[in-house]
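Structural overview for review
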Amino acid sequence: VVRGEVEWERRISLMRHHTATHILLGAAKEVLGDHVWQWGAQKGEEESRLDITHYKSLSSEELRRIEEVANRIVMRNLPVRTFWLPRNEAEGRYGFTIYQGGVVPGTSLRIVEIEGFNTQACGGTHVQRTGEVGPIVVWRAKRIQDGVVRLEFSAGLPAVMRLIDRYEELKRIAEKLGRPVEEARASVERIIEEVKELKKALEHERVVRIAKEAEMALSSAISVG
């Protein structure tokens, strides 16, 4: 029974990450523009990645907005429908954006539609409603080549567990600083500024010391013509 439960959880996690990939792609298009296209994707149980076309690296604000849009779609609990359509009919109804994940062979296409948000031709397994995905958190966003940005993310329980781990780490840092968690950032920023000032003071002292040593050396110098 335990083995069956573990296998079920693994499959559910893969389904959540697969649907989350569609949600993130739709969110990226909404935030960055219609030029965004899926370049590649890899789905895992704990973490997945989505490569999108974009002409520059993402700013922190852009990434935050993508996460916000994605999680709003999750919270709206939209239906995720799968159905088959003849290729010509699917292209006529949805356009060629259904091939975000690549061109699918065959005269009939399996369509995955997140109601009113994202539609793609896809043969993968998905959840039935976006609410089943759980939270979506993008851990890293990096430019992997000209015109391609990679989003590395987690969805569902893996995202929750990693958020808990990071919060625990933040609490440990706050304990070392002797401050509450909500004051940890301000404390770290203050320490950084103090270190910068100390470095400036040390550099000034070093310059003064070198100047004095040079002056002493010159005063004891012997002229040899």
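The sections below set out a description of the structure shown in this document. (Residues numbered from 1 in each chain as written. Predicted model: local features only at pLDDT ≥ 70, side-chain atom pairs only at ≥ 80, totals over all residues. Heavy atoms only, no water.)

This next bit is on the sheet that holds strand E2 (residues 48–53). Two orientations exist for strands paired in a sheet by backbone hydrogen bonds: parallel and antiparallel. Reading across the sheet, the 4 strands line up as E1-E2-E7-E6 and stay open at both edges, with antiparallel pairing between neighbours. For this open sheet the edge positions go to strand E1 (38–42) and strand E6 (136–145), each flanked by a neighbour on one side alone. Direction aside, the axes of adjacent strands within the sheet are offset by 20° on average. In this sheet, strand E7 (residues 148–155) lies alongside E2 in antiparallel orientation, the contact comprising 6 bridges. Within E7, the residue paired with Asp51 across the bridge is Arg150. Its contacts with the sheet place helix H2 (residues 60–76) against E6 and E7, and it is angled at close to 135° to E6. (Pairing = 2+ DSSP bridges. Helix = DSSP H or I, 4+ residues; strand = E, 2+ residues; numbered from the N terminus. Axes fitted to C-alpha atoms, helices over the stretch in contact; angles between N-to-C directions. Contact = heavy atoms within 4.5 Å.)

Position of Glu168 relative to the elements: it lies in helix H4 (residues 157–177). Judged by relative accessible area, Glu168 falls into the partly exposed class, the value being 33%. It is 33 Å that separates the C-alpha atoms of Glu168 and Gly40, two residues lying 128 residues apart in sequence. (Buried < 20%, exposed > 50% of the residue type's maximum accessible area, 1.4 Å probe, protein only.)

Here we come to the nonpolar core. The biggest cluster of nonpolar side chains holds 33 residues, and the ones touching the most others in it are Ile52 and Ile136. With 10 residues, helix H1 (residues 2–32) is the single largest residue contributor to this core. Ranked by size, the runner-up nonpolar core spans 7 residues in total, among them Leu85, Ala90, Ile98 and Leu109. (Core = buried A, V, L, I, M, F, W, Y, C linked by side-chain atoms within 4.5 Å.)

Taken as a whole and assessed by the stated rule, the structure comprises 1 aromatic pair. The ring centre of Trp139 lies 4.3 Å from the NZ or CZ of Arg162, which sits over that ring. (Phe/Tyr/Trp six-rings, centres within 6.5 Å; stacked < 30°, edge-to-face > 60°. Lys NZ or Arg CZ within 6 Å of the ring centre and 35° of its normal.)

Two strands pair when backbone bridges link them, and E1 and E2 are joined in this way by 4 bridges, in the antiparallel orientation. Following the sheet pairing, Gly40 is matched in E2 by Asp51. Hairpin remark: E1 followed by E2, antiparallel, with 5 residues in the connecting loop.

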